[in-house]
Amino acid sequence: MILSRYLFRKVTIVGVGLIGGSLGKAIKKQKIAKEVVGLSQKQSTLSAAVKNHAIDQGYQDLKKAVINTDLVVLATPVSIIHGMLSMIGPHLKRGCIVTDVGSSKEEIVNAAREMLPPHVSFVGSHPMAGSEKRGVQHATAELFEGSQCILTPTENTNRGALEKVRRFWTRVGCKIKILSPEEHDKILANVSHVPHIMSYALMEAIPESYLVYAAGGLKDTTRIASSSPQMWNDICLGNSKNIIAALDEVVKKLSGIRKAMSMADQKALIQHFQTAKNKRDKLG
């Protein structure tokens, strides 16, 4: 394999958990980069990532991890991405591209514009793949295959960098969508963030003693409540305006269903359920 066939010579993944580790394995499987480097605070995480063939080598030292890299992927929780942008900036070479995997985009894109030096390009990314499981031990090169990845360029985004990032996510198996950061956050509040919150709320509301009687329906509905509470705390705070607006709409619908039940209004109740079923059936 000659170097010219690689999309990048060196890729640095900041955070080598499930997403970062899976991305590293996919990069290596698809021969997207000659070298894959990981950055983590814990040596045990880096050792596990190397053993699991997610990275070629790992560093706890930020400067060593990002020096002379062509692409930095920020695969940390949203709250950490902000601070990481300012930390990596001084150590990135001219022409380096930075992207991320954050579930909320407007704040991250704005932070990147303010914190990264002008010789570095940033392209916001959100690969919509994952699992309720955590850790590099669950990483798989196939995690992104068939999933959507939303890119969130602005009018200031370097077009060459955008094309490279598009090719990058396509080669790990993603189907690409393009949205503005603002559109992304409004849509994701409805189709991802609120479903997770409702899953958490439902599990919190059910008396624990009842859980021994739970069957497949509850398990299917609340699988995502096993996701990281810290991660979803960060997402909720990072996209609070849109999530609250979407939650308000859900509360209205729940209130309508409750009213129909209290009035024994079968027509209204069936209409609520039929409207929801019709939408759900379109998901395939």
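We now turn to the structure provided with this report. (Residues numbered from 1 in each chain as written. Predicted model: local features only at pLDDT ≥ 70, side-chain atom pairs only at ≥ 80, totals over all residues. Heavy atoms only, no water.)

## Observations regarding the sheet that holds strand S9 (residues 175-178)
Convention followed: Here the rule is simple: two strands pair whenever DSSP picks up at least two bridges between them. Strands here mean DSSP runs of E at least two residues long; helices mean DSSP runs of H or I at least four residues long; both are numbered from the N terminus. Only the contacting stretch of a helix is used when fitting its axis, a line to C-alpha atoms as for every element, and angles between N-to-C directions run 0 to 180 degrees.
On the basis of which strands lie adjacent, the open sheet formed by three strands has the order S7-S8-S9 and mixed pairing. Only two strands of the sheet have a single neighbouring strand rather than two, namely strand S7 (125-127) and S9. Neighbour-to-neighbour, the strand axes of this sheet turn through a mean angle of 20°, independent of strand direction. Here strand S8 (residues 148-151) runs beside S9; their pairing, made up of four bridges, is parallel.

## A few points about the sheet that holds strand S1 (residues 8-14)
Note the following rule: We call two residues in contact when some of their heavy atoms are within 4.5 Å.
Spatially, S3-S2-S1-S4-S5-S6 is the arrangement adopted by the six strands of the open sheet, whose pairing is parallel. Two strands bound the open sheet, and with one partner strand each, they are strand S3 (57-59) and strand S6 (121-123). Each strand axis lies, on average, 25° off the axis of its neighbour in the sheet, ignoring direction. Two elements, S1 and strand S4 (residues 71-74), share four bridges in a ladder whose sense is parallel. By the bridge assignment for S4, Val14 is matched with Leu74. Strands S1, strand S2 (33-39) and S4 of the sheet are contacted by helix H1 (residues 18-29), whose axis makes an angle of about 165° with S1. Contacting S1, S4, strand S5 (97-100) and S6, helix H6 (residues 159-171) runs over the sheet at an angle of about 50° to S5.

## Describing the packing of helix H7 (residues 181-205) against helix H10 (residues 240-262)
This is how it is decided: Definitions for this section: a left-handed crossing has its near helix turned counterclockwise from the far helix by less than a right angle. A right-handed crossing has that turn clockwise. Gly counts as polar in this scheme, as do all residues outside two lists: the nonpolar Ala, Val, Leu, Ile, Met, Phe, Trp, Tyr, Cys and Pro, and the charged Asp, Glu, Lys and Arg.
Where H7 meets H10, the axes come as close as 9 Å, and the angle between the chain directions of the two elements is 65°. Note that H7 runs across H10; the crossing there is right-handed. Counting all contacts with H7, which are made through Asp185, Lys186, Ala189, Asn190, His193, Val194, Ile197 and Met198, the residues of H10 involved are Asn242, Ile243, Ala246, Leu247 and Val250. Along the lines of polarity and charge, the residues of the contact of H7 with H10 split into eight nonpolar, three polar and two charged.

## Focus on unusual backbone geometry
The test is simple: Only protein chains enter the area calculation, which uses a 1.4 Å probe; residues under 20% of their type maximum are buried, those over 50% are exposed, and those in between are partly exposed.
The backbone phi angle of His53 is positive, close to 60°, even though this residue is not glycine. Counting through the fold element by element, His53 comes out in the loop between helix H2 (43-51) and S3. Judged by relative accessible area, His53 falls into the exposed class, the value being 56%.

## Some points on the environment of Asn156
Within the secondary structure, Asn156 is located in the loop between S8 and H6. The spatial distance from the C-alpha of Asn156 to the C-alpha of Thr221 is 40 Å, given a sequence separation of 65 residues.

## Considering the side chain of His184
Quick reminder of the rule: Polar contact is the term for a pair of N or O atoms within 3.5 Å; when the atoms are in protein, one must be able to donate a hydrogen and the other to accept it, and sequence-neighboring residues count only if both atoms are side-chain atoms.
On the secondary structure map, His184 appears in helix H7. For His184, a relative accessible area of 0% gives the class buried. There is a polar contact of 2.9 Å between the side chain of His184 and the side chain of Asp185. Leave out the neighbours within four places in its chain, and His184 touches Ser103, Ser104, Lys105, His126, Ile150, Thr152 and Leu179.

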